[in-house]
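# Structural features, examined
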Amino acid sequence: MNILAITACPTGIAHTYMAAEQLERTGKQLGHTIKVETQGAMGLENRLTEEDIAHADALILAADIAVEGRDRFAALTRVVEVPVQAAIRNPAEIFARLEA
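Residues numbered from 1 in each chain as written. Predicted model: local features only at pLDDT ≥ 70, side-chain atom pairs only at ≥ 80, totals over all residues. Heavy atoms only, no water.

### Some points on the UniProt feature "domain: PTS EIIB type-2" (unreviewed entry) in the protein
The UniProt feature table records "domain: PTS EIIB type-2" (unreviewed entry) at residues 1-100. In residues 1-100, the share of helix is 35% and the share of strand is 28%. The end C-alpha atoms are 13 Å apart. (UniProt positions renumbered as here; feature names shortened; annotations may be inferred. Helix = DSSP H or I, 4+ residues; strand = E, 2+ residues; numbered from the N terminus.)

Structure follows, in structure tokens:
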């Protein structure tokens with residue numbers, strides 16, 4: 001599955017990036033293609049492009065704050081929204097929810 005994710009937390013210093021790492025690692029272990037955009041203290045990094053979005057099967061929003069540019073993903077119907085801590089502690093469960 002081709003999966004996109006956005007991680008974002010209020011301070012955007014550590015948890016945003018920890019969640020991104022966990023999602024990337026777990027997604028690859030499960031055989032998915034995954035690209036993660038982070039919205040942290042450094043601003044928006046690894047921005048998901050229109051091409052990324054057009055080829056995506058699903059979206060993971062691991063965020064504790066409003067996601068910038070969320071309207072870019074309006075066409076995606078398979079979306080899982082979780083707190084950032086869920087992506088850090090149990091990312092496999094998030095992928096299982098996408099496949100259900």
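### Section: the nonpolar core
Counting 19 residues, the largest nonpolar core has Ile 3, Leu 23, Ile 34, Ile 60, Ile 94, Phe 95 and Leu 98 as the members making the most contacts within it. Only β1 (2-8), α1 (15-29), β2 (33-40), β4 (58-63), β5 (79-82), α3 (84-89) and α4 (91-99) provide two or more residues apiece to this core. Residues within four places of Ile 60 in sequence aside, it is in contact with Ile 3, Leu 4, Ala 5, Ile 6, Leu 23, Val 80, Ile 94, Phe 95 and Leu 98. Counting residues in each nonpolar core, the second largest holds ten residues, with Ile 53, Leu 59, Leu 61 and Leu 76 among its members. (Core = buried A, V, L, I, M, F, W, Y, C linked by side-chain atoms within 4.5 Å. Buried < 20%, exposed > 50% of the residue type's maximum accessible area, 1.4 Å probe, protein only. Contact = heavy atoms within 4.5 Å.)

### With respect to the side chain of Glu 37
With respect to the helices and strands, Glu 37 occurs in strand β2. Residue class for Glu 37 comes out buried when judged on its relative accessible area of 0%.

### Digging into the pattern of salt bridges
Opposite charge on two side chains permits them to pair, given that their charged atoms come into close proximity. In the structure shown here, the tally under the stated rule is four salt bridges. Residue Glu 21 pairs with Arg 25 through a salt bridge whose shortest N-O separation is 3.8 Å. Here Glu 21 pairs with Arg 25, and both are found in helix α1, just four residues apart, close to one helical turn. Exposure remark for Glu 21: the relative accessible area of 46% places this residue in the partly exposed category. With a closest N to O distance of 2.7 Å, Asp 52 and Lys 35 form a salt bridge. A residue pair is termed long-range when its members are at least 10 positions apart, and Asp 52 in helix α2 (residues 50-54) and Lys 35 in strand β2 qualify at 17 residues. The buried category is assigned to Asp 52, whose relative accessible area is 18%. (Salt bridge = Lys/Arg side-chain N within 4 Å of Asp/Glu carboxyl O.)

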